[in-house]
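Tertiary structure, described
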Amino acid sequence: MAAGGAADAQARFGHSVKGLLTEKVTSCGTDVIALTKQVLKGSRSAELLGQAARNMVMQEDAILHSEDSLRKMAIITTHLQYQQEAIQKNVSARAVLVPRMQAAQHSLRSRSHREPLLARSPALSSRQTYRTS
């Protein structure tokens, strides 16, 4: 009976070791699967980071181009303001000069109706006299 009990204990021990070994293999397999998933996830993360870096570089170029365009537009705006000021000054000067010129033209017209051309211009009347003599 002792021999049968020892064999029975040995079988139970072997069965127990096989069970533990099976559990360990299953646990290791699960760990390998989790590790593989993590590596794949890390690989995907690296791809996403690379794509994000490329997008960032493209955005940086767009921002630099926009800054350059804004600088150029600021210069153009300044030039347009100078031109606007010059036009306003010319309009103001014209508003002052036009009535003066109209008054001068009116004065000349009224003079021409009152006095002959030769009487107004001594240079012309002396030339006229010189030619006739």
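Residues numbered from 1 in each chain as written. Predicted model: local features only at pLDDT ≥ 70, side-chain atom pairs only at ≥ 80, totals over all residues. Heavy atoms only, no water.

Considerations on the overall build of the protein
- Secondary structure assignment for the protein yields three helices and zero strands.
- When the helices and strands of the protein are read in sequence order from the N terminus, they spell out α-α-α.
- Buried positions account for 1% of the 133 residues belonging to the protein.
- Looking at the protein as shown, the accessible area adds up to about 12200 Å², and 63% of this sits on carbon and sulfur atoms. (Helix = DSSP H or I, 4+ residues; strand = E, 2+ residues; numbered from the N terminus. Buried < 20%, exposed > 50% of the residue type's maximum accessible area, 1.4 Å probe, protein only. Areas by Shrake-Rupley, 256 points an atom, 1.4 Å probe, with all protein chains shown as cover.)

Section: the pattern of salt bridges
- The tally for this structure, following the rule as stated, stands at three salt bridges.
- The partner of E47 in a salt bridge is R44, with the nearest N and O atoms 3.4 Å apart. Residue E47 and its partner R44 are located together in helix α1 (residues 2-114), separated by three residues, close to a single helical turn.
- One salt bridge in this structure joins R71 and D68, with 3.6 Å as the shortest N-O distance. Of the two residues, R71 and D68 are both situated in helix α1; the distance of three residues between them amounts to about one turn of the helix. (Salt bridge = Lys/Arg side-chain N within 4 Å of Asp/Glu carboxyl O.)

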